[in-house]
Amino acid sequence: MKYDFEQNMKHVLEIECQDVTASRNLKDRIDEEILDSQKEAGTMKHLSVKKLVIGVAAACLLVGGGAYAAGHAVSFSSGHNLFDSYTSYEDMDKGEKELGYAVDSVETFVNGYQFAQMYVEDVDAWDEEGNKAYTFPEMTIHYEKEGAPHMYLAIHKPVEEIERSKEADDTRTCGDITLYYDEYTYKFVPPDYELTEEDKENEARDDYYISYGSDEVEIKQSTGVTWEKDGIFYNLAGMDLGLDANEMFAMAEQILEQE
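Note that the coordinates shown come from a computational prediction; the quantities given were computed from them, not determined experimentally.

Rules used in this analysis
- Residue positions are given per chain, counted from 1 along the sequence in the order it is written.
- Only residues with pLDDT of at least 70 are given local features in this predicted model, and only at 80 or more are side-chain atom pairs given and counted; all residues enter the totals for whole chains, interfaces and linings.
- Computation of side-chain values: all heavy atoms of the structure, hydrogens and water removed.
- Elements are defined by DSSP. Helices are runs of H or I of four residues or more, strands are runs of E of two residues or more, and each kind is numbered from the N terminus.
- When a residue's accessible area, from a 1.4 Å probe over protein chains only, is under 20% of the maximum for its type it is buried; when over 50% it is exposed; and in between it is partly exposed.
- Pairs of residues are marked as contacts when any of their non-hydrogen atoms sit within 4.5 Å.
- Surface accessibility in these figures is a Shrake-Rupley result with a 1.4 Å probe; residues are shielded only by whichever protein chains are displayed.
- Helix span, expected: 1.5 Å multiplied by one less than the number of residues in the helix.
- In the analysis that follows, any N or O atom pair within 3.5 Å is treated as a polar contact, provided that within protein one partner can donate a hydrogen and the other can accept it, and provided that, for residues neighboring in sequence, both atoms belong to side chains.
- Any two strands between which DSSP finds at least two bridges are classified as paired.
- Classification of ring pairs uses Phe, Tyr and Trp, with its six-membered ring standing for Trp, and accepts pairs whose centres are within 6.5 Å; under 30 degrees between planes counts as stacked, over 60 as edge-to-face, and the remaining range as tilted.
- Only when the NZ of Lys or the CZ of Arg is both within 6 Å of the ring centre and within 35 degrees of the ring normal is a charge said to sit over the ring.
- Every case where a carboxyl oxygen of Asp or Glu lies within 4 Å of a side-chain nitrogen of Lys or Arg is listed as a salt bridge.
- Confidence scores per residue from the predictor, reported as pLDDT, run from 0 to 100.

Asks: Before we go on, may I ask you to explain the overall build of the protein chain in this structure?
Replies: Across its full length, the protein chain holds seven helices and nine strands. Looking at the 259 residues of the protein chain, the share that counts as buried comes to 54%. When contacts within the protein chain are restricted to residue pairs at least 6 apart in sequence, long-range pairs at least 24 apart make up 68% of them. When the accessible area of the protein chain is evaluated, it comes to approximately 12,300 Å², of which 44% is carbon and sulfur surface.

Asks: I tried to follow unusual backbone geometry on my own but got confused; where do I start?
Replies: Backbone phi values are negative for most residues with the exception of glycine, while trans is the configuration of most peptide bonds. Its identity is not glycine, yet D230 carries a phi of approximately 55 degrees, on the positive side. Of note, D230 is situated in the loop between strand 8 (218-229) and strand 9 (232-239). A relative accessible area of 69% means that D230 is categorised as exposed. In this model, D240 sits at a positive phi of 55 degrees, which is unusual for a non-glycine residue.

Asks: Honestly, the side chain of D182 in this entry has me stumped. Any pointers?
Replies: Turning to its location among the elements, D182 is positioned in strand 6 (residues 177-189). Judged by its relative accessible area of 6%, D182 falls in the buried class. Those residues within four positions of D182 in sequence are excluded, and the remaining contacts are R164, K166, E167, A168, D169, S222, T223, G224 and T226.

Asks: Teacher, can you tell me more about helix 7 (residues 245-256) here?
Replies: At 3.6 residues per turn, the α-helix brings residues three or four places apart onto the same side. Taking 1.5 Å of rise per residue, the 12 residues of helix 7 would be expected to cover 16 Å, and the 16 Å separating its terminal C-alpha atoms lies within 8% of that figure. Counting buried positions along helix 7 yields nine of 12 residues, so the element is predominantly enclosed. Within helix 7, the full set of buried residues consists of A245, M248, F249, M251, A252, E253, Q254, I255 and L256. Residues of helix 7 that are buried in the fold lie against strand 4 (148-156), strand 5 (170-174), strand 6, strand 8 and strand 9. Of the residues flanking the start of helix 7, the one acting as N-cap is D244, its side-chain oxygen 3.2 Å from the backbone nitrogen of N246.

Asks: Explanation requested: the pairing of strand 3 (residues 132-145) in the structure shown.
Replies: Where a strand is regular, its side chains alternate between the two sheet faces. Strand direction decides the pairing type here: strand 3 and strand 4, joined by seven bridges, are antiparallel. Considered in strand 4, the bridge of I141 is made with L153. Counting the residues between successive antiparallel strands, the hairpin from strand 3 to strand 4 contains two residues, one of them, G147, with a positive phi of roughly 80 degrees.

Asks: Hey, could you run me through the packing of aromatic side chains in this one?
Replies: The geometry of two aromatic rings is summed up by the distance between their centres and the angle between their planes. A complete count under the given rule lists seven aromatic pairs for this structure. Counting every residue linked through ring pairs, the aromatic cluster contains Y184, Y186 and Y209. Against the face of Y101 rests K157, its NZ or CZ located 4.5 Å from the ring centre. In this structure, K166 packs its charged tip against the face of Y184, placed 5.4 Å from the ring centre.

Asks: Looking at this model, I keep getting lost on the pattern of salt bridges. Mind explaining?
Replies: Close approach of charged atoms allows side chains of opposite charge to pair. The final tally for this structure, using the stated rule, is 10 salt bridges. Ionic contacts of the salt-bridge type, sharing partners, join the residues K166, D169 and D182 into one network.

Asks: Could you clarify how one ought to interpret the environment of C174 in this entry?
Replies: Tracing the sequence through the fold places C174 in strand 5. Sequence separation between C174 and E253 is 79 residues; the distance between their C-alpha atoms is 6.9 Å. When near neighbours in sequence (up to four residues on either side) are disregarded, C174 contacts L179, E253 and L256.

Asks: Honestly, the pairing of strand 5 in this entry has me stumped. Any pointers?
Replies: In this structure, strand 5 lies alongside strand 6, joined through five bridges in antiparallel fashion. Bridge pairing links C174 to I177 in strand 6. Once strand 5 ends, the chain turns through two residues before running back antiparallel as strand 6, passing G175 with a positive phi of about 70 degrees.

Asks: Just checking my understanding: could you explain the confidence of the model for the protein chain for this structure?
Replies: Close inspection of predicted coordinates is inappropriate for parts of the model with low pLDDT. Residues at a pLDDT of 70 or more form 66% of the protein chain, whose mean pLDDT is 75. Looking over the protein chain, one finds the lowest element-wise mean pLDDT in helix 4 (residues 56-59), namely 32, and the highest in helix 7, namely 97. Across residues 1-6, confidence stays below pLDDT 50; counting only partners more than four residues off in sequence or on other chains, it has 39 contacts. Throughout residues 41-71 the model reports pLDDT below 50, and contacts reaching past four residues in sequence, or to other chains, amount to 99 contacts.

Given below as structure tokens:
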């Protein structure tokens, strides 16, 4: 399973739209549109939000959990009811019971980020023919800090082998666990935007994505650290965080140091 564009965007959109809800039927229709779009385009790099749905409410639900897979799954989709979120860190045991296993997490990071909410959702994996291949649960923990962008920690047990889609921008070893730091650039453009030669060159990179559907051109930076421990995959990330690799590694290490 390659951990890529859609996984980061899914959680970033959820962070931006925490107060917005949409029905399960709407989510299912959006998922179907995405799968049809991916079949036609052969890639998610040109996913057009406005061609799929109208409004930010649905946009928060439309991106799946990973770009591609090493096995038979090629795309992922998920969604959750915000009313099912846990808003107290004391409820982590309830979330772990729902998830099916215990995980590493912290309530407060040394740098000031604090637990805001947590939920567990089912992620659907789809094959190349658009058929549901399997479903697995994933926990997402949101962290907040006054005056700073939100962050998330996504946790799940991979059903298929995880493959990296790009060479890590930096790595660090914590005990016998390797931490991978990655940076991605996302350029959001209007539906009628015409790619420049520079855009085309950038899009050929494995860390640059262009997505149609915004009102104006906007560029955002995604940074995150991923690691695997005891068969469980962790992804700590956010958008425009202003944190460098060392700061992100320190946060990941704080999680790993929890008993």
